[in-house]
Amino acid sequence: MICLNLFHWIIMENIFRTTKAKTAGSMQDNDVKEEFTIKSSNSSKYIISSIIVVYGGGIISRLYNFQILSISSYNISNIILLDSRDSMFYIMMISLPILLTIFASCLRAYSMYTLGCYFSRRLAIRGYNHSIINTGPYAYVRHPGYSANMILLGCYSFVVSGDLIIGLLLYIQYLYILLKYRISMEEEMFLNNNEDTTNTNTNTNININSNTNINANGNSKTKRDYVAYQKKVPWKLIPFVI
């Protein structure tokens with residue numbers, strides 16, 4: 001499970017994430033509106049810290065054999081002493097998180113491919129005509145990349161810790177940070193994206209007074225498109241659930 005997760009992050013960051021997406025929101029990116037930079041940086045710190053807690057907590061729990069309500073299927077001693085009557089159950093319990101982790105990697109790769117340069121580490125509006133993508137996995141949930149991470153880290157929490165309570169605590173803290181800070185901040189960025197009267201990007205020639213970019217209320221096309229997208233796709237992470 002640890003190897004699958006390492007493989008996931010190495011592949012995702014170095015192959016599927018585009019160069020523009022890697023630099024979005026940084027000093028190297030001249031196409032990004034700057035007003036959300038500080039909040040974006042904070043949300044990135046929160047989510048990265050939360051992921052570190054999941055990975056570190058699972059390993060520490062396993063190394064020091066800290067168990068509250070052990071999951072027998074993920075206990076090495078139980079696997080070695082398999083009873084033939086229970087072998088199929090153990091195989092299913094071991095195979096399920098592995099298959100879900102592979103599915104999560106595929107989903108995140110598909111999300112990255114679909115979003116392209118917009119799939120950035122830091123939250124950022126790219127210029128005054130930031131496109132709202134509503135195809136591929138984004139036609140079903142608004143944040144499929146986070147859905148993938150939710151599946152990935154859920155499997156890791158329970159399998160590596162080997163304990164139901166510890167796995168649940170590690171997972172819940174991640175979900176809280178994901179929903180409370182990262183996703184809410186990302187949607188706030190789109191919903192508060194009103195057009196400025198001045199274009200801060202000196203490297204592009206954009207007519208921000210164009211009727212295609214701004215309406216009578218000063219709302220940007222990006223904001224209007226995102227409001228429409230929320231109505232079309234009401235689910236954030238899991239269809240018909242949340």
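Residues numbered from 1 in each chain as written. Predicted model: local features only at pLDDT ≥ 70, side-chain atom pairs only at ≥ 80, totals over all residues. Heavy atoms only, no water.

A.B. asks: Pulling in residues and values, what's your account of the nonpolar core?
C.D. replies: Soluble globular proteins tend to bury their nonpolar side chains together. By size, the foremost hydrophobic cluster in this structure holds 40 residues, and its most contacted members are Tyr174 and Leu178. For this core, the element with the highest residue contribution is helix H6 (residues 144-161), accounting for nine residues. For Leu178, the residues in contact, after removing those within four places along its chain, are Ile47, Tyr146, Ile183 and Leu237. (Core = buried A, V, L, I, M, F, W, Y, C linked by side-chain atoms within 4.5 Å. Buried < 20%, exposed > 50% of the residue type's maximum accessible area, 1.4 Å probe, protein only. Helix = DSSP H or I, 4+ residues; strand = E, 2+ residues; numbered from the N terminus. Contact = heavy atoms within 4.5 Å.)

A.B. asks: Outline helix H1 (residues 2-16), listing residues and values.
C.D. replies: An ideal rise of 1.5 Å per residue puts 21 Å on 15 residues; H1 measures up with 20 Å between its terminal C-alpha atoms. Of the positions making up H1, those classed as buried are Asn5, His8, Ile11, Met12 and Glu13. (Expected span 1.5 Å × (residues − 1).)

A.B. asks: How would you sum up the confidence of the model for the protein? Please name residues and give values.
C.D. replies: Interpreting fine coordinate detail is not advised for predicted regions of low pLDDT. Summary statistics for the protein give a mean pLDDT of 78 and a share of 72% for residues scoring 70 or more. When mean pLDDT is compared element by element in the protein, H6 scores highest at 95, while helix H4 (residues 76-80) scores lowest at 55. Across residues 196-212 the pLDDT falls below 50, and counting only partners more than four positions away or on other chains, this stretch makes 25 contacts in the model. (pLDDT = per-residue confidence, 0-100.)

A.B. asks: Could you give me a rundown of the environment of Tyr171, with the residues and numbers involved?
C.D. replies: Of note, Tyr171 is situated in helix H7 (residues 164-191). In sequence terms Tyr171 and Leu153 are 18 residues apart; their C-alpha atoms lie 7.0 Å from each other. Contacts of Tyr171, omitting those with residues within four sequence positions, involve Met150, Ile151, Leu153, Gly154, Ser157 and Phe158.

A.B. asks: Please provide a residue-by-residue account of the side chain of Ser105, values included.
C.D. replies: Mapped onto the elements, Ser105 comes out in helix H5 (residues 87-115). The class for Ser105 is buried, based on a relative accessible area of 15%.

A.B. asks: Can you break down a nonpolar patch on the surface residue by residue, with the values?
C.D. replies: A grouping of Ile2, Leu6, Ile10, Ile59, Ile60, Leu63, Tyr64, Phe66, Ile68, Leu69 and Leu164 is seen on the molecular surface, where their side chains present a nonpolar patch of about 1,100 Å² in accessible area. Relative to the helices and strands, Ile68 resides in the loop between helix H3 (37-63) and H4. Overall, the relative accessible area of 51% leaves Ile68 in the exposed class. (Patch = residues over 30% accessible without salt bridge, like charges linked within 9 Å, V, L, I, M, F, W, Y side chains within 5 Å. Areas by Shrake-Rupley, 256 points an atom, 1.4 Å probe, with all protein chains shown as cover. Salt bridge = Lys/Arg side-chain N within 4 Å of Asp/Glu carboxyl O.)

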